[in-house]
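Fold and geometry: a report
Chain by chain, the residues run as shown.
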Amino acid sequence: MSGSSVRSDALPDTVPHDAPPGLVVHKFGGTSLENAERIKNVSGLIALGSGHPVVVVSAMAGVTAQLAGLARNDPGEEEVEEALSEIGERHLTAAPLDAVDGASLATRVDEILAGVRVSLARTDFENPMAREDAIIAAGEDLSAELVTRALLADGVDATPLDARRLIRTDERFGSAVPDLEETDRLVRAEALPMIVEGRVPVIQGFIGSTTDERTTTLGRGGSDFTATLVAAPLSADEVVIWTDVSGIHTADPREVEGARAIREMGFEEAVELAYFGAGVVHVSAAKHAVSTNLPLRIRNSGAQEEVGTLVNPNQRGGAEFAAVAFKPAVVLVRVRAFPSAMAHGFLARVFAVLGAHQVPVDLVATSHSSTAFTIDREEDLTAVRDELSRFSEVEIIPDLATITVVGHGLLNEPGMEALAFWAVGKTPVHLISQASDVSLSFVVSEEDAPETVRRLHFSLIELRSDT
Ligand code: ADP
Ligand code: ASP
Ligand code: MG
């Protein structure tokens, strides 16, 4: 192949560089950037590391939610100014910088916050989500500037690289889907030359842009996905997700005292755990890592001596693997066919309605003429309910949670289901689902969920590992 075909695009199809060995993408979550001490940990670990680091950052903890509040509630000018000056102040005090770096950060912070004011005042966005994306992206814009200055202060040749120039997406504002081919090409063309020169790109997680340069976001928690989107075309050795816990645990360590870190796991369990609520890795990141054969490591930026978890894309989990995940804010929809309706074709009709309205379904259970399924609370069900009501009775039960036991070694052990049911005990269960040998899910009320998670974890994991 000559590779000499001329494209009309500004960027070349082929890049004059190969990815250098030792390239690692480091993604820092909001909690790793929470305050001056944590930011010092971050810049220290990049400064002392070897090879070719690429840095992807989330917004500082809480900032995305704060900006989303402004976008959604449209408070008065005074409240907006108060919130923006608080956000600005937080960034300026988070990194101990010298006068030069401090002044240059202050200028950029002012510019970014001025952009938020403009977006809040604009009335010409095509829809509210497009407006919200333009506003909340400022969280990552700010943290990327902050981390760049902190790295420079520690002697790292860091340069901000705007994610809008790399992550090309469709127009589904709020949960945009990347164009992988174009994103790969842009990442190689924009980032590789910098990396080869020994510079360290600092890229905002979570955000991207459409072909006509409108800002999009990849869905809450989407910075993990950015890290894998950047790492794959650069043939990175691995992606390190730096967070506030020392790896993926057998349950959320904030909820379950006996949870312990898992040293290594296979891709299937990682995707399943992420899907069923172990928010430590975003499900799109886990899936993308699998499909691009990218090892993922989850580590604690506040406890760098801990090895964390390696998600190995070439491995299926070992027999010893087991974990319990928990996802709140779930709604159960029960659909019963009218007696007059033909049972034949009922399920196909129900799922055709859901498909037409693009409502993603998590768990499903069915009988002869009824079905029940779970969806996320944010989904707007008005139109779906109206259409289903033409041929069935529809009941919607809110404020539920799914609890999922993951681990095919565990679930293949005879008697495990009995033990799980015993652990769930008298807690009312709205739906049970086991579609594969990897996971077993229960839907319970949000209120009952934390205690049920603890009981399942205790019976299936803590007791078992003690024997
Ligand atoms: P970040 O800001 O670094 O992206 P997240 O809040 O998205 O951090 O993810 C880290 C959090 O994930 C932890 O603080 C923990 O409470 C939660 N979590 C939920 N399930 C698990 C699990 N199985 N293992 C580890 N952490 C978990
Ligand atoms: N800042 C975004 C959020 O809060 C993205 C992320 O943290 O990954 O959802
Ligand atoms: Mg996260």
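The notes below deal with the structure included here. (Residues numbered from 1 in each chain as written. Chains lettered and ligands numbered in written order. Predicted model: local features only at pLDDT ≥ 70, side-chain atom pairs only at ≥ 80, totals over all residues. Heavy atoms only, no water.)

Looking at the site of ligand 1
Our working rule: If a single non-hydrogen atom of a residue is within 4 Å of a molecule or strand, that residue counts as near it. Two N or O atoms count as a polar contact when they lie within 3.5 Å, although within protein this holds only if one can serve as hydrogen donor and the other as acceptor, and sequence-adjacent residues are included solely when both atoms are side-chain atoms. Under this grouping Gly is polar, as are all residues other than the nonpolar Ala, Val, Leu, Ile, Met, Phe, Trp, Tyr, Cys and Pro and the charged Asp, Glu, Lys and Arg.
In the vicinity of ligand 1 lie 18 residues, with Thr243, Asp244, His249, Asp252 and Arg254 positioned nearest. At 2.9 Å, a side-chain N or O of Asp244 approaches an oxygen atom of ligand 1. Arg254 places a polar side-chain atom, nitrogen or oxygen, 2.8 Å from an oxygen atom of ligand 1. In terms of residue class, the shell around ligand 1 is made up of seven nonpolar, seven polar and four charged.

Section: the environment of Val24
Worth spelling out the cut-off: Elements are defined by DSSP. Helices are runs of H or I of four residues or more, strands are runs of E of two residues or more, and each kind is numbered from the N terminus. To sort residues, take the accessible area from a 1.4 Å probe on protein chains only and compare it with the maximum for the residue type: under 20% means buried, over 50% means exposed, and anything in between is partly exposed.
Along the chain, Val24 falls in strand β1 (residues 23-28). Classification of Val24 as buried rests on a relative accessible area of 17%. Between the alpha carbons of Val24 and Asp237 there is a distance of 5.7 Å; along the sequence they are 213 residues apart.

Focus on the site of ligand 2
Taken together, Ser58, Ala59, Thr64, Glu140, Phe206, Arg220, Gly221, Gly222 and Ser223 are the residues near ligand 2. Separating an oxygen atom of ligand 2 from a side-chain N or O atom of Ser58 is a distance of 3.4 Å. Within the contact set of ligand 2, an oxygen atom lies 2.6 Å away from a side-chain nitrogen or oxygen of Arg220. For the shell around ligand 2, the residue count by class is two nonpolar, five polar and two charged.

Digging into the packing of aromatic side chains
Which entries qualify depends on this criterion: Here a pair means two rings of Phe, Tyr or Trp (six-membered ring of Trp) with centres within 6.5 Å. Their orientation is stacked below 30 degrees between planes, edge-to-face above 60, and tilted elsewhere. Lysine NZ or arginine CZ positioned within 6 Å of the ring centre and within 35 degrees of the ring normal marks a charge as sitting over the ring.
The tally for this structure, following the rule as stated, stands at five aromatic pairs. Ring centres of Phe28 and Trp242 lie 6.2 Å apart, and the angle between their planes is 15°; this geometry places the pair in the stacked category. Here Trp242 lies in strand β7 (residues 238-243) and Phe28 lies in strand β1, a separation of 214 residues in the sequence. Taken as a pair, Phe28 and Trp242 share a single burial class, namely buried. For the pair Phe421 and Phe442, a centre-to-centre distance of 5.6 Å together with 90° between the ring planes defines the contact as edge-to-face. In this pair, Phe421 sits in helix α13 (residues 416-424) while Phe442 sits in strand β16 (residues 439-445), placing the two residues 21 residues apart along the sequence. The cationic tip of Arg349 hangs over the ring face of Phe391; the distance from NZ or CZ to the ring centre is 4.0 Å.

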